[in-house]
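# Residue-level structural notes
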Amino acid sequence: LRYLILPIREADAVPQPLRCKTLLELPRAAFGTVELDTMRRLAALEGSGFAGVVANNLAQFGYASPLPVFGGLGLNVTNPMSAAEYVCLGARGLLVQPETALTAMRAVAPRQKDGTPVPTAALCYGHLPLMLTRACPLRNVHDCASCRSGGTLRDRKGRDFTVTCSAPGGAGIRTVYNPVPLYMGDRLREMPVDTAVAAFTTETPQRTAQILAELFAAQPFDSEFTRGLYYTNN
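Residues numbered from 1 in each chain as written. Predicted model: local features only at pLDDT ≥ 70, side-chain atom pairs only at ≥ 80, totals over all residues. Heavy atoms only, no water.

The topology assignment puts Arg19 in the loop between β1 (4-7) and β2 (22-25). The side chain of Arg19 is buried and forms no salt bridge, while Asp12, the nearest opposite charge, is found at 5.1 Å. Not counting residues up to four positions away in its chain, the partners in contact with Arg19 are Ala11, Asp12, Val14, Ser48, Gly49, Phe50 and Ala51. (Helix = DSSP H or I, 4+ residues; strand = E, 2+ residues; numbered from the N terminus. Buried < 20%, exposed > 50% of the residue type's maximum accessible area, 1.4 Å probe, protein only. Lys, Arg positive; Asp, Glu negative; His and termini not counted. Salt bridge = Lys/Arg side-chain N within 4 Å of Asp/Glu carboxyl O. Contact = heavy atoms within 4.5 Å.)

Let's shift gears to the sheet that holds strand β9 (residues 160-165). On the basis of which strands lie adjacent, the open sheet formed by four strands has the order β7-β10-β9-β8 and antiparallel pairing. A single partner strand is all that each edge strand has here, and the edge strands are β7 (129-133) and β8 (150-154). Strand-to-strand twist of the sheet, defined as the mean angle between neighbouring strand axes without regard to direction, takes the value 20 degrees. Here β7 runs beside strand β10 (residues 174-177); their pairing, made up of four bridges, is antiparallel. Note on β10: the bridge partner recorded for Met131 is Val176. (Pairing = 2+ DSSP bridges. Axes fitted to C-alpha atoms, helices over the stretch in contact; angles between N-to-C directions.)

Backbone geometry places Asn76, a non-glycine residue, at a positive phi of 55 degrees. Residue position: Asn76 is located in the loop between β4 (69-71) and α3 (80-88).

So, in structure tokens, the structure goes:
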């Protein structure tokens, strides 16, 4: 396990001994005072021992320094050209967009100007975000005052889509997740990246531990899952 990735708002809860193994993820989108609040948090964290931050949009490369910056899901890295541009901006590592086929993933392989390889990563587990929206899809169910940071939407087939909210009102961003998780635990050797990332959203601690055990043991998944688009055109 190389790094634990947590939202930057949870930074204060990370014990000092774990900070050297923790990356702080920055918001994928920011409205109102969220970006200024993020800048202030970053400034306050200088010298606090964290391993770096995960940037999710171009603007964040401009104010995340001096912490090492890694590219996250929001950068939509799918090809060598986009990867090279982010490396030029200072990315120390990049998460390849999960809708990228494994054949295309192999071609990303970014390098620094001196030829040093830049590590790449890809999701091996997680409920993929289907939609990022400022308008709340749950507003006909309850208002912000009675909301507990999200809920679920049920489609006509009876599937429940988890909805999370970053902040109440206009400053918040709502993310709708696929109800069926991506899983590659039994095919990790086929992933042409340096690091496999497991993303947990609403799983309980017990379920998280169970899934991690399956990943480390390279076992088949114990429930419905998808390979995403990893094997497209393979």
